[in-house]
Amino acid sequence: MYTLMHGFYKYMTQKDDYCVVILGLDNAGKTTYLEAAKTTFTRNYKGLNPSKITTTVGLNIGTIDVQGVRLSFWDLGGQQELQSLWDKYYQESHGVIYVIDSNDRERMDESKMIFDKMIKNELLSGVPLLILANKQDLPDVMGVREIKPVFQQAGALIGRRDCLTIPVSALHGEGVDEGIKWLVEAIKRHAVVRPPREND
Ligand code: G3D
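Quick look at the structure, then. Source: prediction; values computed, not measured. (Residues numbered from 1 in each chain as written. Predicted model: local features only at pLDDT ≥ 70, side-chain atom pairs only at ≥ 80, totals over all residues. Heavy atoms only, no water.)

Another aspect to go through is the packing of aromatic side chains. A complete count under the given rule lists four aromatic pairs for this structure. Ring geometry for Tyr98 against Phe115: centres 5.1 Å apart, planes inclined by 70°, an arrangement best described as edge-to-face. In this pair, Tyr98 sits in strand β4 (residues 95-101) while Phe115 sits in helix α5 (residues 108-120), placing the two residues 17 residues apart along the sequence. Phe115 carries the same exposure label as Tyr98, and that label is buried. Under the relative-accessibility criterion, Phe115 is labelled buried at 0%. Taken together, the ring pairs connect Tyr98, Phe115 and Phe151 into an aromatic cluster. (Phe/Tyr/Trp six-rings, centres within 6.5 Å; stacked < 30°, edge-to-face > 60°. Helix = DSSP H or I, 4+ residues; strand = E, 2+ residues; numbered from the N terminus. Buried < 20%, exposed > 50% of the residue type's maximum accessible area, 1.4 Å probe, protein only.)

Take the sheet that holds strand β1 (residues 16-23) next. Taken in spatial order, the six strands of this open sheet run β2-β3-β1-β4-β5-β6, and their pairing is mixed. The strands lining the two open edges of the sheet, one partner per strand, are β2 (59-66) and β6 (163-167). Between one strand and the next, the sheet's axes are offset by a mean angle of 20°, whatever the strand orientation. With five bridges connecting them, strand β5 (residues 129-134) and β6 associate as parallel partners. When the sheet's bridge partners are listed, Leu129 is paired in β6 with Cys163. Strands in contact with helix α2 (residues 30-41) are β1, β2, β3 (69-76), β4 and β5; relative to β2, the strand with the most contacts, it is inclined by about 25°. The sheet contacts of α5 involve β1, β4 and β5, and relative to β4 the element is tilted by about 170°. (Pairing = 2+ DSSP bridges. Axes fitted to C-alpha atoms, helices over the stretch in contact; angles between N-to-C directions. Contact = heavy atoms within 4.5 Å.)

Fair warning: the whole summary comes from geometry, so function is off the table for now.
In structure tokens form, the structure reads like this:
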């Protein structure tokens, strides 16, 4: 009886589980964004003090429940020596968030270069892509109008997948809600091709 009840409870409460990789150069704001997403979508989650957030070294993970599904995030370190590990996560990813530091014009070419390398990877073919022009709270940063054409040069590689570029401020949580909700819908649409993770 317990097993039956437990099974029923599990069936009723179980959510489809999707994985999302958060990529971008070191210092782009990946970890700050993950914290902002957890704060936005998790009741009673207080979030880390921004001064306690340090650049991603290795892997940060986080989970949120949103719009009836569970998103498990992998925030991967952006340092050059860690970029080679990114593709180990691609096969399991249902969505990609690519974070750009809109305030760092000097590294925009470098960011575009690693973006191209990532988007070329067959394992991510068709996977929905959310591009974030981060740090929009700072003055004189590159806006989406300036950033979008740069990354659209990879249009052929982006292909027909769902793709959205938006301005955000991870530090202030601006644009986080809109982006995550869009990504969830895109991931659900793509689930025919890349279904949710198997729950045990
Ligand atoms: P990473 O995980 O991509 O390496 P972090 O980047 O999340 O560690 O952020 C790197 C720095 O950028 C941090 O500042 C963080 O506070 C800052 N940052 C992240 N997002 C924003 C944003 O939206 N606006 C502003 N103004 N700053 C942001 P420090 O000073 O701790 O290095």
